[in-house]
Amino acid sequence: MIVELGHFTLILAFAVALVQMVVPMWGASKGWRSWMAVAEPAATMQFVLLLFSFAALIWAFVASDFSVRLVTSNSHTAKPMIYKVTGVWGNHEGSMLLWCLILAFFGALAAWFGGNLPERFRARVLAVQASVGVAFLAFLIFTSNPFLRLVNPPMNGQDLNPLLQDPGLAFHPPFLYIGYVGLSMSFSFAVAALIEGRVDAAWGRWVRPWTLLAWLNLTVGIALGSWWAYYELGWGGFWFWDPVENASFMPWLIAAALLHSAIVVEKREALKSWTILLAILAFGFSLIGAFIVRSGVLTSVHAFANDPERGVYLLGITAIFMGGALTLYAARSGGMQAKGVFGVVSRESALVANNVLLAVATFVVFLGTIWPLIAEMIWARKLSVGPPFFDAAFTPFMMALAVILPIGSILPWKRGAIGKVMRPLWWALAAAFAVGAAAWVFGSGRSLVAPVGAALGAWLVFGAAVDFWQRTGRGGLADKAGRATRLPRADWGRVVAHAGLGVTFFGIAALTAWQLEDIRVANPGETFQVGVYDVTLEGVRRVEGPNYISTMAEMSVARGGEEVARLFPEKRVYPVAGMPTTEAAIDNGVFRDVYLVIGDPQQDGGWAVRTYIKPFANWIWAGAIIMALGGVLSLTDRRFRVAAGARKAPSTGVPAE
Amino acid sequence: MIRAVLIWLLLAAPAFAVQPDEVLDDPALEERARELSKGLRCLVCRNESIDESNADLARDLRLLVRERLVAGDSDSEVIDFVVARYGEYVLLRPRTDGANLILWIAGPASLLAAAGIGAAYLRKRRVVHAPEALNREEAERLRQILDD
């Protein structure tokens, strides 16, 4: 019964979304206030209906209702409760419902907190948002309905893919979807502004918090996914340039560019039409990502629904929204007039450079991702584009970005002088070089990766420190501390996020360059040396988990005769899904991870054992979390809450026609 | 469905990538073998190099690479040997020939183009546009404000 209710509210939400798409849009063009006013209750209702629908699906999973096809194919009674719940979005249909729910949630947020938007504009934003909802709800209902029943329900389910029965992966999709779907809000703002024909400073201020919210969730989602790959796949890789990873990385890069260009729109009323284009493209890459992940057109490790029919539908959605928005853009963007005037050496220019680098880097990732398709279609060449290409073609853009970032973030608006800006930065530069040199000596000159990466990371962190020091003004420490507390949150956010990027840079460089690996056969009781550590295989035993059987090794890690950690790497078999997984055991540390994996028993006794020493591994994800924290700080800036409403009835906008 | 399960089985077979018995005695040679393996794709897997993969075919390829290295082949000879048997699909780093040149040049070329457009834009923004003249209503309003 509850399942049927959930099914029903899903269809009802679709109907509401249709109304929300048509009525306010029509009302806005005719100037009928009562029609425009439909948007807000409709957005709220759509969200509530979908929330109920989603709750009904969770209930079906929790109650293990195997008459629902989705529950049968993705759940099992023996599965721990938390994975029964997270199993709801561990599959195509359920995750699509979550996608639609978040889409409606953003619409509802815009309805609840959009009180400072002009009435007509808000109606249009909500109508555009609803049109995206209509497309995805139709996709859900007609091609991937999660509520379908089975005529002959089985006694038990087929269990969730064991790789997904993991805390890291349980919460990776919700964050990622908030990011993907959150970009729909920037898209709706851009399209509504194009229809309206007006983009001004206020628009930049409105669109930024939404982009920021999407971006920071995307950051957390990508970091969680990367962290999961690190500890779950059994050898500690953290990024593979897989098409599905690229699908999440491209919107992240474009959103990062959009965040920065929206500042220029807000503060200086320049870069307007470019910012609109970025807002459209950011969501476009989200749509392309959904297509890549769910169509199976590109082979990937973690695509989970390979259905050509769904692929065609998603491609259709992408084509309609991108085609429509870009056509509108071509027709309207010419009329947008930039107001701000600035010199070549200015913060505006630095932000333009940021956008150029991020956009070109995104293009490189995009081209590399789809190149196998293009090569096969046009030249009938079956080829692969893997990590070696992306490492070579993508990394230089990020390095260039890191070089200009600290300079750009303290350059003044309008006009600056490099000499003056560099004066406080010299010590940061010197310190960065010192860190690079130390890395060179420590790594005994083996490769350039570590020194260059470490120096760039340090440059970013020290540069952020200088930025902060500058913002707190002149005077003694007490004065500075006082000013620091009164500094706008956006400034705090900028400094923190930029420092986080530096931490990630450093982590990636250090891990790539200095990782130690040891592969061997070890007998129980045997001790071997890896780096400065003595690793002992104490024993191996069989352990039964709730829905798996585990081969668990007990290993001790010692340094200079003193035990550092006792670790239990496992190899599990999930009988229902018929799948084995490796569970590495990691001793996390600030400066290094000790990473142990147990393998197969060998014919002539002993076990295959892998040991890694991974220096600064955690810095990669710590940096990502710091970046996201910077996003949160920036999001709580007062001006998004207060100043946005201070804008009175618009009278001096830029006409489009 | 069965295909998907098979792929998953291949993917996540309990053995991990490089086995202890595969490792060469000569560390320098082993290092080269690892580097080469990272650039070769496991053909039955989804986007994994043979260095990471657990599939049997990946193991065969790893052994083949090591065999060639022990026989005294240079790195590029090993790569050519593998490509001659399995096609260029096996290369994770696409070759810089023919149409692939587009792929490799796309990054630098679009950077140049974007930098050019950016520079043109910046030059344009340096020019000070004369503010638009006030229309009559605005002039009237301004006068009122100034009079107050």
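Residues numbered from 1 in each chain as written. Chains lettered and ligands numbered in written order. Predicted model: local features only at pLDDT ≥ 70, side-chain atom pairs only at ≥ 80, totals over all residues.

## Thoughts on the overall build of chain B
Counting its regular elements, chain B contains six helices and zero strands. Going from the N terminus to the C terminus, chain B shows its helices and strands as α-α-α-α-α-α. Each of the 148 residues in chain B was classed as buried or not, and the buried ones make up 27%. Restricting to contacts in chain B with at least 6 residues of sequence separation, those with at least 24 account for 51%. (Helix = DSSP H or I, 4+ residues; strand = E, 2+ residues; numbered from the N terminus. Buried ≥ 20, exposed ≤ 12 C-beta atoms within 10 Å, placed from the backbone. Contact = placed C-beta atoms within 7 Å.)

## Some words on the overall build of chain A
What chain A contains, in helices and strands, is 21 helices and ten strands. Its C-alpha atoms give chain A a radius of gyration of 27 Å, within 12% of the compact-globule value 26 Å for 657 residues. Principal-axis analysis of the C-alpha atoms places the extent of chain A at approximately 85 × 75 × 60 Å. Residue pairs at least 24 apart in sequence account for 76% of intrachain contacts in chain A once pairs closer than 6 positions are excluded. (Rg over C-alpha atoms; globule rule 2.2 N^0.38 Å.)

## So, the sheet that holds strand S9 (residues 592–601) of chain A
All names here are of chain A. With antiparallel pairing, four strands are arranged side by side in an open sheet as S1-S10-S9-S8. Both outer strands of the open sheet, strand S1 (516–522) and strand S8 (585–587), are each paired with one neighbouring strand and no more. The average angle at which neighbouring strand axes cross in this sheet is 15 degrees, direction not considered. Pairing geometry for S8 and S9, over three bridges, is antiparallel. Considered in S9, the bridge of Asp-587 is made with Val-594. (Pairing = 2+ DSSP bridges. Axes fitted to C-alpha atoms, helices over the stretch in contact; angles between N-to-C directions.)

## As for the confidence of the model for chain B
All names here are of chain B. Looking at chain B as a whole, the pLDDT averages 78, with 82% of positions reaching at least 70. Least confident of the elements in chain B is helix H1 (residues 2–11), whose mean pLDDT is 40; most confident is helix H4 (residues 75–86), at 89. Under a pLDDT of 50 for its full length, residues 1–15 has, in the predicted model, 19 contacts with residues more than four places off or in other chains. Reported for the predicted complex are a pTM of 0.88 and an ipTM of 0.80. (pLDDT = per-residue confidence, 0-100.)

## Notes on the environment of A:Pro569
Along the chain, A:Pro569 falls in the loop between strand S5 (562–567) and strand S6 (570–574). On a C-alpha basis, the gap between A:Pro569 and A:Gly482 in space is 50 Å, while along the polypeptide they are 87 residues apart.

## Observations concerning the nonpolar core
Residue and element names in this part refer to chain A. Counting 256 residues, the largest nonpolar core has Cys-100 and Ala-255 as its most contacted members. For this core, the element with the most residues is helix H9 (residues 201–232), which contributes 20 residues. Beyond its immediate sequence surroundings of up to four residues, Ala-255 is in contact with Leu-183, Thr-211, Ala-214, Trp-215, Leu-218 and Ala-282. (Core = buried A, V, L, I, M, F, W, Y, C linked by C-beta atoms within 7 Å.)

## Let's talk about the interface of chain A and chain B
With 49 residues of chain A at the interface, the matching set in chain B holds 39 residues. When contributions to the side of chain A that touches chain B are tallied by element, the ones reaching two or more residues are helix H13 (347–379), helix H14 (387–410), S1, strand S7 (579–583), S9 and strand S10 (607–615) of chain A. If one sorts the elements of the side of chain A that touches chain B by residue count, H13(A) sits on top with twelve residues. By residue class, the composition of the side of chain A that touches chain B is 30 nonpolar, twelve polar and seven charged. (Nonpolar A, V, L, I, M, F, W, Y, C, P; charged D, E, K, R; others polar.)

## Examining the environment of A:Pro251
Residue and element names in this part refer to chain A. Along the chain, the position of Pro-251 falls in helix H10 (residues 243–268). By C-beta crowding, Pro-251 is classed as buried, having 29 other C-beta atoms within 10 Å. For the pair Pro-251 and Ser-286, spaced 35 residues apart in sequence, the C-alpha to C-alpha distance is 5.8 Å. Ignoring any residue separated from it by four or fewer positions in sequence, one finds Pro-251 in contact with Tyr-180, Leu-183, Leu-218, Ala-282, Phe-285, Ser-286 and Gly-289.

## A short note on helix H8 (residues 167–196) of chain A
Residue and element names in this part refer to chain A. Compared with an ideal rise of 1.5 Å per residue, which puts 30 residues at 44 Å, H8 spans 45 Å between its outermost C-alpha atoms and is within 8% of the ideal. The element H8 is extensively covered by neighbouring structure, given that 25 of its 30 residues are classed as buried. Note on H8: the residue one or two positions beyond its end, Gly-197, has a positive phi of about 80 degrees. (Expected span 1.5 Å × (residues − 1).)

## With respect to the domain arrangement of chain A
Residues and elements named next belong to chain A. Segmentation of chain A into domains returns domain 1 (1–160), domain 2 (161–410) and domain 3 (516–617). Breaking the side of domain 1 that touches domain 2 down by element, the ones donating at least two residues are helix H5 (81–86), helix H6 (92–113) and helix H7 (119–143). At nine residues, the largest contribution of residues to the side of domain 1 that touches domain 2 is made by H7. Across the side of domain 1 that touches domain 2, the residue classes tally to 17 nonpolar, eight polar and one charged. (Domains from an automatic or database assignment.)

## Some words on the pairing of S6(A)
Residues and elements named next belong to chain A. Where strand S4 (residues 549–559) meets S6, four bridges bridge the pair, whose relative direction is antiparallel. Its bridge partner being in S6, Ile-549 is matched across the sheet by Val-573. Bridge count between S6 and S7: five bridges; the pairing is antiparallel. In the strand pairing of S7, Glu-570 is matched with Glu-583. Connecting the antiparallel pair S6 and S7 is a turn made up of four residues, with Gly-578 showing a positive phi of about 65 degrees.

## Describing unusual backbone geometry
All names here are of chain A. Phi angles above zero are rare outside glycine, and Glu-269 is one such case at about 50 degrees. If you trace the backbone, Glu-269 turns up in the loop between H10 and helix H11 (272–295). Despite not being glycine, Phe-616 has its phi angle at roughly 60 degrees, a positive value. Positionally, Phe-616 belongs in the loop between S10 and helix H19 (617–635). By the C-beta count within 10 Å, which is 25 here, Phe-616 ends up buried.

## Focus on the environment of A:Lys420
In this structure, A:Lys420 sits in helix H15 (residues 418–442). Along the primary structure A:Lys420 and A:Thr582 are separated by 162 residues, whereas in three dimensions their C-alpha atoms are 55 Å apart.

## A word on the packing of H7(A) against helix H12 (residues 308–332) of chain A
Residue and element names in this part refer to chain A. Following both chains from N to C, one finds H7 and H12 inclined at 170 degrees, their axes separated by 11 Å at the closest point. Considering the angle they form, H7 stands roughly antiparallel to H12. Contact residues: Val-132, Ala-135, Phe-139 and Thr-143 in H7; Glu-309, Arg-310, Tyr-313, Ile-317 and Phe-321 in H12. (Parallel < 35°, antiparallel > 145°, perpendicular 65-115°, else oblique.)

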